[in-house]
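Analysis of the macromolecular model
Here are the chains, one letter per residue:
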Amino acid sequence: MIRARVSGRLWSSRHIGTIPTGALLEVETETGAKLIAFDPLGCAEGEQVLITQGSVAASYFPEKTAPIDALIIGSIDQQTSKAK
Amino acid sequence: MIRARVSGRLWSSRHIGTIPTGALLEVETETGAKLIAFDPLGCAEGEQVLITQGSVAASYFPEKTAPIDALIIGSIDQQTSKAK
Amino acid sequence: MIRARVSGRLWSSRHIGTIPTGALLEVETETGAKLIAFDPLGCAEGEQVLITQGSVAASYFPEKTAPIDALIIGSIDQQTSKAK
Amino acid sequence: MIRARVSGRLWSSRHIGTIPTGALLEVETETGAKLIAFDPLGCAEGEQVLITQGSVAASYFPEKTAPIDALIIGSIDQQTSKAK
Amino acid sequence: MIRARVSGRLWSSRHIGTIPTGALLEVETETGAKLIAFDPLGCAEGEQVLITQGSVAASYFPEKTAPIDALIIGSIDQQTSKAK
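Description of the structure in this document. (Residues numbered from 1 in each chain as written. Chains lettered and ligands numbered in written order. Predicted model: local features only at pLDDT ≥ 70, side-chain atom pairs only at ≥ 80, totals over all residues. Heavy atoms only, no water.)

**Some points on the interface of chain B and chain A**
Applied cut-off: By the convention used here, residues are in contact when the closest approach between their heavy atoms is within 4.5 Å. Here, a salt bridge means any Lys or Arg side-chain nitrogen found within 4 Å of an Asp or Glu carboxyl oxygen. N or O atoms within 3.5 Å of each other form a polar contact, as long as, within protein, one can give a hydrogen and the other can take it, and as long as residues adjacent in sequence are counted only when both atoms are side-chain atoms. In this text, helices come from DSSP runs of H or I with a minimum length of four residues, and strands from runs of E with a minimum of two, each type numbered from the N-terminal end. In this count, Pro and Cys sit with the nonpolar residues alongside Ala, Val, Leu, Ile, Met, Phe, Trp and Tyr, while Asp, Glu, Lys and Arg are called charged and the others, Gly among them, polar. Two strands are said to pair when DSSP picks up at least two bridges between them.
Each partner contributes residues to the interface: chain B has 30 residues there, and chain A has 34 residues. On inspection of chain B and its partner chain A, the count reaches two salt bridges. When the shortest N-O distance is used, the salt bridge between B:Arg3 and A:Glu26 registers 2.9 Å. At the boundary of chain B and chain A, one finds 13 residue pairs in polar contact (both at pLDDT 80 or more). For the side of chain B that touches chain A, the element with the most residues is strand E6 (residues 70-75) of chain B, which contributes five residues. Across the side of chain B that touches chain A, the residue classes break down as 14 nonpolar, 10 polar and six charged. Here strand E2 (residues 14-15) of chain A pairs with E6(B) via two bridges, running antiparallel. For A:Arg14, the partnering residue across the bridge sits in E6(B) and is B:Ser75.

What follows is the structure, given as structure tokens:
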């Protein structure tokens, strides 16, 4: 997974029918790259999130053919620390 | 997913039999990289689009073996804004 | 998919048994990266081709376990133009 | 697979329900890139580990839809040497 | 696939149970990147090999959940030449 920060939201009125209903957020990774990820958690601008990518992201959706290759799977707690 | 801009169209008269019928568009990502994506929406030159990649792109097609690893899944609205 | 140019051919006498019979071509992408792709079309040195990657490439083969992660799916026509 | 070094741990109190129970470690690859990987082995800060990525990482989990695209599959022994 | 050169071997005494028995070799790609790949062929230090990556690599193993995302599929012959 990768760590990213929510930087915006994107709307697409004209899209294929299999996109699940929900928010598509723009996130910025630690290297400055930008991705569009599906957000099932209702994340806010500036929030630090955890992103999973590829077919693993699509498998979150009950529909077999959700065309989603990036998914927010968690909001990162601020008090994240060193490994045990 | 990634954001890209349609920059051209590509024709391939000699191809394998499992390519679905439809347009193959050249798109340019925000980093300047170029991809060829299948377009089910009829997008125009210059249009901002949303691209999904990998096996997730192929799963859009009813045929199990569509050799498509990049798919336009939506046209991006101009009034895209900050996250809520 | 990505656009690439055929730059060579590769032979492997000692290989695992599940590689399909056929040509393995070296192709060079627009960024100068080199890949080895399976060629079902009989492409020639210098030809512009379209490459699909990942599990989508393997799904072209009837054998479920073809270890091919890059496949030439078409030869690109010279008169490729702007999007409609 | 890639070689990486454990550099921290991450907590996510608010997350989707399908994340497996266990530690999410931050690892740093040889190129300096940072990834978040699921750790089934109880690795410590500074430990050298082997990471697998993509749908292969998710297939480790009995649940079909674990949203994990990076997995620590082993701790690397110090006396690693040249190939035979 | 990508071309790489065997540069070392890696041992992992503590690992998850689903790693197949066999050698894990370090290989260096043409761009200087290092990967760890499973070697079913018994390749030697310095040997030029062909690597497949992702879920395609895992599908080589009869066990459905082999956590292997890079596999040596062939040793490259020295007299590799231009495409026909």
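This is not the end of the story, as more comes after the structure.
**Considerations on the relation of the copies chain A and chain D**
For clarity, the threshold we go by: Overlaid copies result from least-squares superposition on C-alpha atoms, with residues included only where pLDDT is at least 70 in both.
Its rotation angle being 72 degrees, the transformation that places chain A on chain D also includes 0.0 Å of axial translation and leaves an RMSD of 0.0 Å. Interpreted geometrically, this transformation is the action of a five-fold axis.

**Thoughts on a positive patch on the surface**
Threshold: Only residues whose relative accessible area exceeds 30% and that form no salt bridge enter a patch; like-charged residues are grouped when within 9 Å of one another, and nonpolar side chains (Val, Leu, Ile, Met, Phe, Trp, Tyr) when within 5 Å. Each accessible area value is a Shrake-Rupley result obtained with a 1.4 Å probe; residue values ignore everything except the protein chains displayed when judging cover. Residues scored as charged are limited to Lys and Arg (positive) and Asp and Glu (negative), so that His and the chain ends carry no count. The atoms used to mark charge sites are NZ of Lys, CZ of Arg, CG of Asp and CD of Glu. Classification of residues uses two cut-offs on accessible area relative to the type maximum, computed with a 1.4 Å probe and protein chains only: under 20% is buried, over 50% is exposed, and between them is partly exposed.
On the surface, A:Lys64, B:Lys64, C:Lys64, D:Lys64 and E:Lys64 cluster together into a patch of positive charge. Its place among the elements puts E:Lys64 in the loop between helix H1 (55-58) and strand E6 (70-75). Looking at E:Lys64, the relative accessible area reads 81%, which means it is exposed.

**Topic: the side chain of D:Glu26**
With respect to the helices and strands, the residue D:Glu26 is situated in strand E3 (residues 23-29). The exposure class of D:Glu26 is buried, given its relative accessible area of 9%. At a separation of 2.9 Å, a polar atom in the side chain of D:Glu26 contacts the side chain of A:Arg3. In this view, D:Glu26 contacts A:Arg3, D:Arg5, D:Val6, D:Ser7, D:Gly8, D:Arg9, D:Lys34, D:Leu35 and D:Ile36; residues no more than four positions away in its chain are not counted.

**Focus: the pattern of salt bridges**
Under the definition given, this model contains 25 salt bridges over all chains. Taking the shortest distance from any N to any O, the salt bridge between B:Glu47 and A:Arg14 comes out at 2.3 Å. On the criterion of chain membership, the pair formed by B:Glu47 in the loop between strand E4 (34-39) and strand E5 (48-53) and A:Arg14 in strand E2 is interchain, its members lying in two chains. Judged by its relative accessible area of 33%, A:Arg14 is partly exposed. The salt bridge partner of C:Glu30 is C:Arg3, with a shortest N-O separation of 3.5 Å.

**Some thoughts on the arrangement of the chains**
Separating chain A from chain C is a minimum C-alpha gap of 10 Å, and the two share no contact. Separated throughout, chain A and chain E approach each other most closely at a C-alpha pair spaced 10 Å apart.

**Brief notes about the interface of chain A and chain D**
Between chain A and chain D, the residue contacts involve 30 residues of the former and 34 residues of the latter. Remark: the boundary between chain A and chain D carries two salt bridges. Put simply, chain A and chain D have 13 residue pairs in polar contact (both at pLDDT 80 or more) between them. Elements with a contribution of two residues or more to the side of chain A that touches chain D: strand E1 (2-10), strand E5 (48-53), helix H1 (55-58) and strand E6 (70-75) of chain A. The leading source of residues in the side of chain A that touches chain D is E6(A), at five residues. Of the residues assigned to the side of chain A that touches chain D, the class counts are 14 nonpolar, 10 polar and six charged.

Keep in mind that these numbers describe shape and distance, not what the molecule does.
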